[in-house]
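The primary structure of each chain is shown beneath.
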Amino acid sequence: SQGPGDAASAEGAGSTNDPVHRNNRAVELLEGDQLDEAIELFEQVVSEAPENDTYRANLRNALLRRANELTKTDPDAAAADYERALEFAADDATRERIAGMRDRARAIASEEKDFVVESTLHFTFRFDGAREEIIGGVDELKVILEAAYQEYGEIFRRRPVEEGEPRIEVVLYRSEGFHAVTGLGDWAGAVFGGPHRLPADDLRA
């Protein structure tokens, strides 16, 4: 995002209500992770100066940041933000990149729409609760991962959940669902970073 002074334009900067001031205030909000408030202000300045490339880029970047966060918790809402960000793509390469992120959010929403959520002290599991071949192994997986958490906590002298980070997310898919969400085959084993996504056709095995 471009901050104070970067949005030089014909608008005067003397009033706290002019677009330049509100754009700069929105940048400050964005830097403070107040995404909803920042986006609201960016939307205002873009509506008043729709041809200003700086304002458009700032709104696009704010929408992308919020979409990235929402992908973890509300992929439908994330897809909507990606779709909105597409309106402000400056070139074909950016448009293609954003469309890819939107499609991935839609795939996650489709695959996980009926997933159940179960938590342990340090982990959150999401999976299709109608799949007996998954349910049969989840309880054992909980025990294994909690033991691993304690083991690595001793080795590295760090326990992230106790230090204020959220529970570690583990999402279990059928192979085809894993491919739809990650673009990888089940040979990949798992995708780490954010929620940890794993193919598991029969967790009991």
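S.K.: Help me out: how do you make sense of the overall build of the protein in this one?
M.R.: Each helix and strand in the protein was counted, giving seven helices and four strands. For the protein, the sequential pattern of α-helices and β-strands runs α-α-α-α-α-β-β-α-β-α-β. In terms of overall dimensions, the protein is more spread out than a globule: its C-alpha atoms have a radius of gyration of 21 Å, far above the 17 Å expected for 205 residues. The principal-axis extents of the C-alpha atoms in the protein amount to approximately 65 × 35 × 25 Å. Within the protein, buried positions represent 41% of all 205 residues. Sequence separation of at least 24 residues holds for 54% of the intrachain contacts in the protein that already meet a minimum separation of 6.

S.K.: Just checking my understanding: could you explain the side chain of threonine 71 for this structure?
M.R.: Among the structural elements, threonine 71 can be located in helix H3 (residues 53-73). Here threonine 71 is in contact with Ala78, Tyr82, Arg104, Ala105 and Ile108, once residues within four sequence places are set aside.

S.K.: Would you explain the sheet that holds strand E2 (residues 123-128) in this entry?
M.R.: Sheet strands pair by backbone hydrogen bonding; their relative direction is either parallel or antiparallel. Reading across from one edge, E1-E2-E3-E4 is the order of the four strands in this open sheet, with mixed pairing throughout. The open sheet has two edge strands with one neighbour each: strand E1 (115-119) and strand E4 (196-199). Neighbour to neighbour, the strand axes of the sheet diverge by 20° on average, direction disregarded. With four bridges connecting them, strand E3 (residues 168-173) and E4 associate as parallel partners. If you follow tyrosine 173 over to E4, its bridge partner there is proline 199. On the sheet, helix H7 (residues 175-182) packs against E3 and E4 and is oriented at approximately 140° with respect to E4.

S.K.: Where do I start with the packing of H3 against helix H5 (residues 92-112) in this structure?
M.R.: Helix packing for two helices is described by the angle between their axes and how far apart those axes are. Put simply, H3 and H5 touch, their axes get as near as 11 Å, and they point 25° apart. When the interaxial angle is binned, H3 and H5 end up roughly parallel. Considering the relative orientation of H3 and H5, their crossing is left-handed. Mapping the contact onto sequence places Arg60, Leu64 and Thr71 in H3 and Thr94, Arg97, Ile98, Met101, Arg104, Ala105 and Ile108 in H5. When grouped by side-chain class, the residues that make up the contact of H3 with H5 number five nonpolar, two polar and three charged.

S.K.: Can you walk me through the nonpolar core in this structure?
M.R.: The nonpolar side chains of a soluble globular protein tend to be buried, and buried together. The biggest cluster of nonpolar side chains holds 29 residues, and the ones touching the most others in it are Leu30, Phe42, Tyr55, Leu59, Leu63, Tyr82 and Ile98. Where this core is concerned, the elements lending two or more residues are helix H1 (19-31), helix H2 (35-48), H3, helix H4 (75-86) and H5. Among residues more than four places away in sequence, those in contact with phenylalanine 42 are Asn23, Ala26, Val27, Leu30, Asn58, Leu59 and Ala62. In this structure, Ile134, Val138, Leu141 and Val161 belong to the second largest nonpolar core, which totals 11 residues.

S.K.: I tried to follow H5 on my own but got confused; where do I start?
M.R.: Three- or four-residue spacings in an α-helix give side chains the same orientation, since the helix completes a turn every 3.6 residues. The end-to-end C-alpha distance of H5 is 30 Å, a good match for the 30 Å that 21 residues give at a rise of 1.5 Å each. One side-chain oxygen of the residue at the start of H5 lies 3.2 Å from the amide nitrogen of alanine 93, identifying that residue as aspartate 91.

What counts, and at which threshold
- Residues numbered from 1 in each chain as written.
- Predicted model: local features only at pLDDT ≥ 70, side-chain atom pairs only at ≥ 80, totals over all residues.
- Heavy atoms only, no water.
- Helix = DSSP H or I, 4+ residues; strand = E, 2+ residues; numbered from the N terminus.
- Rg over C-alpha atoms; globule rule 2.2 N^0.38 Å.
- Buried < 20%, exposed > 50% of the residue type's maximum accessible area, 1.4 Å probe, protein only.
- Contact = heavy atoms within 4.5 Å.
- Pairing = 2+ DSSP bridges.
- Axes fitted to C-alpha atoms, helices over the stretch in contact; angles between N-to-C directions.
- Parallel < 35°, antiparallel > 145°, perpendicular 65-115°, else oblique.
- Left-handed = near helix turned anticlockwise from the far one by under 90°.
- Nonpolar A, V, L, I, M, F, W, Y, C, P; charged D, E, K, R; others polar.
- Core = buried A, V, L, I, M, F, W, Y, C linked by side-chain atoms within 4.5 Å.
- Expected span 1.5 Å × (residues − 1).
- Polar contact = N/O pair within 3.5 Å; in protein donor to acceptor, adjacent residues only side chain to side chain.

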